[in-house]
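The lines below spell out each chain.
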Amino acid sequence: MRPGKHKLLDRTQLVESPSEQIERVKASIRAEVEHPFRVIKRQFGHVKVRYRGLAKNAAQLHTLFALSNLWMVRRDLMGAQA
């Protein structure tokens, strides 16, 4: 459901409908999946891709996703060092 339609609904109901529960689950999954892409775009500046061949572009993306995994757990890794 679109956010504008969701705001127009009756807020007197305290119990979430099954459709709201489904939307909440979908949003949480979407957030987990899209977070690495945000890290790659914002932290590592990978916004536009110049075509250098499929193998080179794939290798660069694999490296960037590995780095984004390290970026997302950096606090845990640094906490283990201290």
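All of these numbers come straight from a predicted model, not from anything done at the bench. (Residues numbered from 1 in each chain as written. Predicted model: local features only at pLDDT ≥ 70, side-chain atom pairs only at ≥ 80, totals over all residues. Heavy atoms only, no water.)

## What to know about the overall build of the chain
Summing up its helical and strand segments, the chain has four helices and zero strands in all. When the elements of the chain are put in sequence order from the N terminus, they spell out α-α-α-α. With 82 residues in all, the chain has 10% of them scored as buried. Of the roughly 7,500 Å² that the chain leaves accessible, carbon and sulfur atoms contribute 60%. (Helix = DSSP H or I, 4+ residues; strand = E, 2+ residues; numbered from the N terminus. Buried < 20%, exposed > 50% of the residue type's maximum accessible area, 1.4 Å probe, protein only. Areas by Shrake-Rupley, 256 points an atom, 1.4 Å probe, with all protein chains shown as cover.)

## Looking at the packing of helix 2 (residues 18-42) against helix 3 (residues 54-72)
Remark: helix 2 packs on helix 3, axes separated minimally by 9 Å, with the N-to-C direction vectors making an angle of 105°. Taken together, the axis directions place helix 2 and helix 3 in an arrangement best described as roughly perpendicular. Counted together, His35, Pro36, Phe37, Val39 and Ile40 of helix 2 and Leu64, Phe65, Ser68, Trp71 and Met72 of helix 3 form the full contact between these two elements. Taken together, the residues that form the contact of helix 2 with helix 3 break down as eight nonpolar, two polar and no charged. (Axes fitted to C-alpha atoms, helices over the stretch in contact; angles between N-to-C directions. Parallel < 35°, antiparallel > 145°, perpendicular 65-115°, else oblique. Contact = heavy atoms within 4.5 Å. Nonpolar A, V, L, I, M, F, W, Y, C, P; charged D, E, K, R; others polar.)

## Description of a nonpolar patch on the surface
A cluster of nonpolar side chains, namely Phe44, Leu67, Leu70, Trp71, Met72, Val73 and Leu77, defines an oily patch on the protein surface of about 570 Å² accessible area. Looking at the nonpolar patch, the element that brings in the most residues is helix 3, giving four residues. As for its position among the elements, Leu70 is in helix 3. (Patch = residues over 30% accessible without salt bridge, like charges linked within 9 Å, V, L, I, M, F, W, Y side chains within 5 Å. Salt bridge = Lys/Arg side-chain N within 4 Å of Asp/Glu carboxyl O.)

## Let's talk about the packing of aromatic side chains
In total, this model carries two aromatic pairs according to the counting rule given. Between Phe37 and Phe65, the ring centres sit 5.3 Å apart and the planes meet at 85°, which makes this aromatic pair edge-to-face. In this pair, Phe37 sits in helix 2 while Phe65 sits in helix 3, placing the two residues 28 residues apart along the sequence. Accessibility expressed as a relative area gives 45% for Phe37, which makes it partly exposed. Judged by its relative accessible area of 28%, Phe65 is partly exposed. Pairing Phe44 with Trp71 gives two aromatic rings, centres 6.5 Å apart and planes at 75°, and the pair type is edge-to-face. (Phe/Tyr/Trp six-rings, centres within 6.5 Å; stacked < 30°, edge-to-face > 60°.)

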